Amino acid sequence: MTLYPALITDALKTVRYPGNGKSIIENDMLADDIRIDGDKVSFSIIFDKSTDPFIRSVVRAAETAILTYVSPDVQIKGNITAAFRKAAPERPAQLLPGVKNIIGVSSGKGGVGKSTVTANLAVALAAKGYKVGVLDADIFGPSMPKMFGVEGEQLYMVNQEGRDWIEPVEKFGIKMLSIGFVVDADKPVLWRGGMASNALRQLISDAWWGDLDYFLIDMPPGTSDIHLTLVQTLAITGVVVVTTPQEVALADARKGVAMFTGDKVNVPILGLVENMAWFTPAPHPEEKYFIFGRDGGRRLAEETGVELLAQIPLVADICDRADAGDPIAHAIVADAATGGEISENPEALAFSNLADKVVEAVDRRNRMQPPTSKVEIHS
């Protein structure tokens, strides 16, 4: 028998929550995490609090419903997890009090398109009506000014709440700061780790970011002092890891996932993005050539237990428009303005879909896990 999520959901409609007599589906208690692996089925049931007296009876009833209405061969015993809703606490005094979600975009190594993904994700989110900010935290290789077409912009101060702040540069409705605005673009940044970390803290704490739905941080590749500075300075909601299907990139991405999920850091991984998943020639958009390997990001996602958020194709237009300071995701805005169909821009649509996935992942993370706090790392 072939199992699929709708069978599971239909069976669970028969499970009543004793507290009010409604089904767990009507009570919105079924988490969006149904996993099916052959005959093995697992999912979470959400309760308001860990002291709910009906947890065990509801879980047992759910097991019985699956075995009765789906198949007696389903491996369900012990695979139902009780999760708990987290009441949103009042936001404590902290940096960026007007920012709802802080998302790090990371990669295990350079050259996988992390900054391109960050720029296009930001533009796609803004096109959907969200308030977005971007911090270019790649101190030694800042690229956001070029990708947004704002190289050479001067930074100014703005007075808010009785003090002067750095005013982020705004483009495509996105607020952005980068060390690239204050250093010579033609010269290397020869700073020790402490100097780089201090500069980064200043871009965070001395800038007027205002109210944002999503604050994206384009992190440097690898694992470094900058990553530790960020998790110790900000309560990061979660991290998106970018990789290519190539084995050497996957090995480094695996280390990046391990760094954030380790006991000392413990920042949630929102998901993986497999960039350059295949090459598609512009005249033949239906063709796919897997020049860096096939489905490597998908396999890594399955191995690490995180969601694969997107597979982004390698298309010349993505690179060309990034170099021109007009990210391909901006085609979403252009289409909307002219009444065109977004489907005419499949690369833009890929980033639009990625934005939807990130929004879903953040909402799920905020619903299922407690609010993040700054990381305390002791040597």
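Just above, that's the structure.
Here's a quick rundown of the structure.

Parameters at a glance
- Residues numbered from 1 in each chain as written.
- Predicted model: local features only at pLDDT ≥ 70, side-chain atom pairs only at ≥ 80, totals over all residues.
- Heavy atoms only, no water.
- Helix = DSSP H or I, 4+ residues; strand = E, 2+ residues; numbered from the N terminus.
- Rg over C-alpha atoms; globule rule 2.2 N^0.38 Å.
- Buried < 20%, exposed > 50% of the residue type's maximum accessible area, 1.4 Å probe, protein only.
- Contact = heavy atoms within 4.5 Å.
- Areas by Shrake-Rupley, 256 points an atom, 1.4 Å probe, with all protein chains shown as cover.
- Lys, Arg positive; Asp, Glu negative; His and termini not counted.
- Charge placed at Lys NZ, Arg CZ, Asp CG, Glu CD.
- Pairing = 2+ DSSP bridges.
- Patch = residues over 30% accessible without salt bridge, like charges linked within 9 Å, V, L, I, M, F, W, Y side chains within 5 Å.
- Salt bridge = Lys/Arg side-chain N within 4 Å of Asp/Glu carboxyl O.
- Core = buried A, V, L, I, M, F, W, Y, C linked by side-chain atoms within 4.5 Å.
- Axes fitted to C-alpha atoms, helices over the stretch in contact; angles between N-to-C directions.
- Parallel < 35°, antiparallel > 145°, perpendicular 65-115°, else oblique.
- Nonpolar A, V, L, I, M, F, W, Y, C, P; charged D, E, K, R; others polar.
- Arc of directions from axis to C-beta.
- Phe/Tyr/Trp six-rings, centres within 6.5 Å; stacked < 30°, edge-to-face > 60°.
- Lys NZ or Arg CZ within 6 Å of the ring centre and 35° of its normal.

1. Notes on the overall build of the protein
Here is step 1 of the chain: Helix and strand counts for the protein stand at 11 helices and 13 strands.
Here is step 2 of the chain: On C-alpha atoms alone, the protein measures out to a radius of gyration of 23 Å, which is about the 21 Å that the 2.2 N^0.38 rule sets for 379 residues.
Here is step 3 of the chain: Overall size of the protein, expressed as C-alpha extent along the three principal axes, is 70 × 55 × 45 Å.
Here is step 4 of the chain: The burial tally for the protein puts 48% of its 379 residues in the buried class.
Here is step 5 of the chain: Taking contacts inside the protein between residues at least 6 apart in sequence as the whole, the part at least 24 apart equals 73%.
Here is step 6 of the chain: Taken as a whole, the protein presents about 18,500 Å² of accessible surface, with 49% of it coming from carbon and sulfur.
Here is step 7 of the chain: Looking at the protein, you have 37 positive and 49 negative side-chain charges, and the mean spots of the two groups are 7 Å apart.

2. Focus on the pairing of strand β5 (residues 132–136)
Here is step 1 of the chain: Within β5, five of the five residues are buried, which leaves the element mostly enclosed by the surrounding structure.
Here is step 2 of the chain: Where β5 meets strand β9 (residues 174–178), five bridges bridge the pair, whose relative direction is parallel. Pairing of L135 across the sheet is with L177, part of β9.
Here is step 3 of the chain: Direction of pairing for β5 relative to strand β10 (residues 212–218): parallel, over a ladder of five bridges. Within β10, the residue paired with L135 across the bridge is I217.

3. Structural notes on a nonpolar patch on the surface
Here is step 1 of the chain: There is a patch of nonpolar side chains on the surface, built from F279, Y289, I291 and F292 and spanning about 360 Å² of accessible area.
Here is step 2 of the chain: Mapping F279 onto the fold places it in the loop between β12 (269–274) and α8 (296–304).
Here is step 3 of the chain: We classify F279 as partly exposed; its relative accessible area is 30%.

4. What about the nonpolar core?
Nonpolar side chains in soluble globular proteins generally cluster together in the buried interior.
Here is step 1 of the chain: The biggest cluster of nonpolar side chains holds 85 residues, and the ones touching the most others in it are L135, F215, I217, L230, I236, F260 and L354.
Here is step 2 of the chain: Leaving out residues up to four positions away in the same chain, L230 has contacts with A137, L200, I204, I217, M219 and I236.
Here is step 3 of the chain: Membership of the second largest hydrophobic core comes to 23 residues, among which are A11, V15, I24 and A62.

5. A closer look at the sheet that holds strand β1 (residues 35–37)
Here is step 1 of the chain: Read from one edge of the open sheet, three strands run β1-β2-β3, paired in mixed fashion. The open sheet terminates on both sides in strands that have one partner only, identified here as β1 and β3 (80–84). Shown here is a sheet whose adjacent strand axes are inclined to one another by a mean of 20°, direction ignored.
Here is step 2 of the chain: Pairing of strand β2 (residues 40–47) with β3 involves five bridges; the strand directions are parallel. Within the sheet, the bridge partner assigned to F43 lies in β3 and is I80.

6. Digging into the environment of T237
Here is step 1 of the chain: Structurally, the position occupied by T237 is in the loop between α6 (225–233) and β11 (238–243).
Here is step 2 of the chain: Looking at T237, the relative accessible area reads 5%, which means it is buried.
Here is step 3 of the chain: Taking C-alpha positions, T237 is 9.9 Å from P370, a pair spaced 133 residues apart along the chain.
Here is step 4 of the chain: In this structure T237 touches K100, N101, I102, P268, V362, R365, N366 and T372, once residues within four positions along its chain are discounted.

7. Some remarks on the sheet that holds strand β13 (residues 308–311)
Strands belonging to one sheet form pairs held by backbone hydrogen bonds; the direction of such a pair is parallel or antiparallel.
Here is step 1 of the chain: Spatially, the eight strands line up as an open sheet ordered β8-β9-β5-β10-β4-β11-β12-β13, and their pairing is mixed. Strands at the two margins of the open sheet, each flanked by one partner only, are β8 (169–171) and β13. Ignoring strand direction, the axes of neighbouring strands in this sheet form an average angle of 25°.
Here is step 2 of the chain: Bridge analysis of β11 against β12 gives five bridges, and the strand direction is parallel. Directly across from T243, in β12, lies its bridge partner E274.
Here is step 3 of the chain: Of the strands in this sheet, β4 (99–107), β10, β11, β12 and β13 are in contact with helix α11 (residues 346–368), which crosses β13 at around 175°.

8. Digging into the packing of helix α3 (residues 114–127) against α11
To characterise two packed helices, one gives the angle between the axes of the helices and the distance between these axes.
Here is step 1 of the chain: Running from amino to carboxyl end, α3 crosses α11 at an angle of 80°, the nearest separation of the two axes being 8 Å. As the angle between them shows, α3 and α11 are arranged roughly perpendicular. Counting all contacts with α3, which are made through V117, N120, L121, A124 and L125, the residues of α11 involved are F351, S352, L354, A355, V358 and V359.
Here is step 2 of the chain: Each residue belonging to the contact of α3 with α11 can be placed in one class, and the counts come to nine nonpolar, two polar and no charged.

9. Brief notes about helix α1 (residues 5–12)
Here is step 1 of the chain: Along α1, the positions that sit buried rather than exposed are L7, I8, A11 and L12. Buried residues in α1, looked at end-on, bunch into an arc of 130°, giving them a common side.

10. Section: the packing of aromatic side chains
Here is step 1 of the chain: In this structure the tally under the stated criterion is seven aromatic pairs.
Here is step 2 of the chain: Taking 6.2 Å as the distance between ring centres and 70° as the angle between the ring planes, the aromatic pair formed by W278 and F290 counts as edge-to-face. Taken together, the positions of W278 in the loop between β12 and α8 and F290 in the loop between β12 and α8 put the pair 12 residues apart, joining distant regions of the chain.
Here is step 3 of the chain: In this structure W278 comes out as buried when scored by relative accessible area, which is 14%.
Here is step 4 of the chain: Here F290 falls in the partly exposed class, since its relative accessible area comes to 28%.
Here is step 5 of the chain: We note K288 situated over the ring of W278; from NZ or CZ to the ring centre the distance is 4.0 Å.

By themselves these figures say nothing about function.
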